[in-house]
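Summary of structural features
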Amino acid sequence: MCFGDKLDEKKIKEVEDVQRLMLLNIRRFNVLNFWPRVTKIVFRKLWQEFLQIRKQQEDVLMPLIRERRRVKEEKVTKSAEGKDEYLLAYVDTLFDLQLPEEKRKLDEKEIMSLCTEFLSAGTDTTSTALQWVMANLVKYPAIQEKLFAEIKGVMGDAEREVKEEYLQKMPYLKAVILESLRRHPPVYFVAPHAVTEGIVFGGFLFPKNASINFGLAEIGLDSKLWDDPMTFKA
C-alpha cells in the first residue's frame, strides 16, 4: 500500500525494526518539540539519538522511495502508450503533491516522514483494534460461535483463508468489528480540524481558525445515542 511493491522478508524486517525503534522512543522525543532551538541544546544527547534513528530510517526507506519514483516514471510512460497498467501506491500521491503556499513539491525527507506516519498509524491502530476484537470474542463465547458459524457457512470446511471476496457475504463479521470500534476505538480523538469560517453549531460558537477535536470514545459511549453503551453487543 505504501511503496507499491511486495518486499522480501529481509526488507520488511528492516522497515519493521526502524519503525518500532522510533515508536518506542517517540514520547521521549516529544520534549524536543517545545522551543526547539533551546531543547536541542539542553537535551543535546537526546537530539543526537533522534538524529541517529532518523538516519536509520533514511537508510531503509529512502531507497524504496527512490526506486518507486523510478518505476512510476517508467510505468506511467508505458501506460500512456497502452503497454502496461499501473497501480497507484500511497507514495505515488506524494510525488505530485504541491504545497500551495510555498508553491513547491515535497522534498525527499518530507515524503519519507509522511511514509513513516502512514506505516506507523496504519499498523498500530489496526493491531490495537484487532486485539480488542479478539478479546471480546473470548469474553463473549456466544458471539464467537455465531461469527464462526457465519464464516464457515460462507467458506465451507475446505478453505483456510478468509479472502477479500468473502467479506461482503459476512455482515455479522462487519457488525462485530464496528461494535468493537465503537466500544474500543484505537484512538480517542481524531486529528484536530480547523474551522475555516465562524459558525454556530449545537448552540456553540466556533470562531474562524478555531481548533476542533472530536471525541470518538465519548461519542461511542453516549447514552443518548446507544442503549446500554458500556456493553459489547453484536
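Residues numbered from 1 in each chain as written. Predicted model: local features only at pLDDT ≥ 70, side-chain atom pairs only at ≥ 80, totals over all residues. Heavy atoms only, no water.

The protein chain appears in an unreviewed UniProt entry as Cytochrome P450 from Melia azedarach.

Comments concerning the overall build of the protein chain
Rules: The secondary structure listing takes helices from DSSP runs of H or I that are at least 4 residues long and strands from runs of E that are at least 2 residues long, numbered from the N terminus. In this setup the radius of gyration rests on C-alpha atoms only. A globule is expected at 2.2 Å times the number of residues raised to 0.38. Between two residues, a contact is recorded if the distance between any of their heavy atoms is within 4.5 Å. Surface exposure here means Shrake-Rupley accessible area, sampled with a 1.4 Å probe, where a residue is shielded only by the protein chains that are shown.
Counting secondary structure elements, the protein chain contains nine helices and six strands. Taking 17 Å as the expected radius of gyration for a compact globule of 234 residues, we find that the protein chain reaches 23 Å, considerably beyond that expectation. When contacts within the protein chain are restricted to residue pairs at least 6 apart in sequence, those whose partners lie at least 24 apart make up 55%. Carbon and sulfur atoms provide 59% of the accessible area of the protein chain, an area that totals close to 17,000 Å².

Here we look at the nonpolar core
Across soluble globular proteins, nonpolar side chains have a tendency to be buried as a group. The line we're drawing: Put simply, buried Ala, Val, Leu, Ile, Met, Phe, Trp, Tyr and Cys residues joined by side-chain atoms within 4.5 Å make one nonpolar core. Exposure classes here rest on a 1.4 Å probe applied to the protein chains alone. A residue is buried below 20% of its type maximum, exposed above 50%, and partly exposed in between.
By size, the foremost hydrophobic cluster in this structure holds 17 residues, and its most contacted members are Phe-3, Leu-61, Ile-65, Ile-111 and Cys-115. Taken together, the elements giving at least two residues each to this core come down to α1 (9-29), α3 (44-80), α4 (90-95) and α5 (108-139). For this core, the element with the most residues is α3, which contributes five residues. Setting aside anything within four residues of it in sequence, one finds Ile-111 in contact with Ile-65, Arg-69, Val-91, Leu-94, Phe-95 and Leu-106. Formed by eleven residues, the second largest nonpolar core is a distinct cluster that contains Ile-143, Met-155, Met-170 and Tyr-172.

Remarks on the packing of α1 against α5
Any two packed helices are characterised by how steeply their axes cross, that is the angle between the axes, and by the distance between the axes. As a reminder of what qualifies: Note on geometry: axes are C-alpha line fits, over the in-contact stretch for helices, and angles between N-to-C directions span 0 to 180 degrees. Angle categories are assigned with fixed cut-offs, so that under 35 degrees is roughly parallel, over 145 is roughly antiparallel, 65 to 115 is roughly perpendicular, and the rest are oblique. In this classification, the charged set is Asp, Glu, Lys and Arg, the nonpolar set is Ala, Val, Leu, Ile, Met, Phe, Trp, Tyr, Cys and Pro, and all remaining amino acids, among them Gly, are polar.
Two elements in contact, α1 and α5, have axes whose closest approach is 11 Å; the angle formed by their N-to-C orientations is 85 degrees. Between α1 and α5, the angle falls in the class roughly perpendicular. Contacts from Val-15, Gln-19 and Leu-23 in α1 reach Thr-116, Leu-119 and Ser-120 in α5. Here the contact of α1 with α5 is built from residues that sort into three nonpolar, three polar and no charged.

Some thoughts on the packing of helix α6 (residues 141-155) against helix α8 (residues 171-183)
For the pair α6 and α8, the least separation of the axes is 8 Å and the interaxial angle reads 145 degrees. Within the contact between the two elements, α6 uses Ile-143, Lys-146, Leu-147 and Glu-150 and α8 uses Pro-171, Tyr-172, Leu-173 and Val-176. Its residues assigned to classes, the contact of α6 with α8 comprises six nonpolar, no polar and two charged.

Description of the pattern of salt bridges
For clarity, the threshold we go by: Note on definitions: salt bridges are taken to be side-chain nitrogens of Lys or Arg within 4 Å of carboxyl oxygens of Asp or Glu.
In total, this model carries 15 salt bridges according to the counting rule given. Across the pair Arg-104 and Glu-102 runs a salt bridge whose closest N-O atoms are separated by 2.7 Å. For Arg-104, a relative accessible area of 28% corresponds to the partly exposed category. For Arg-182, the salt bridge identified is with Glu-179, shortest N-O distance 2.8 Å. With a gap of three residues between them, Arg-182 and Glu-179 both fall in helix α8, about one helical turn apart. When sorted by exposure, Arg-182 lands in the same class as Glu-179, which is buried.

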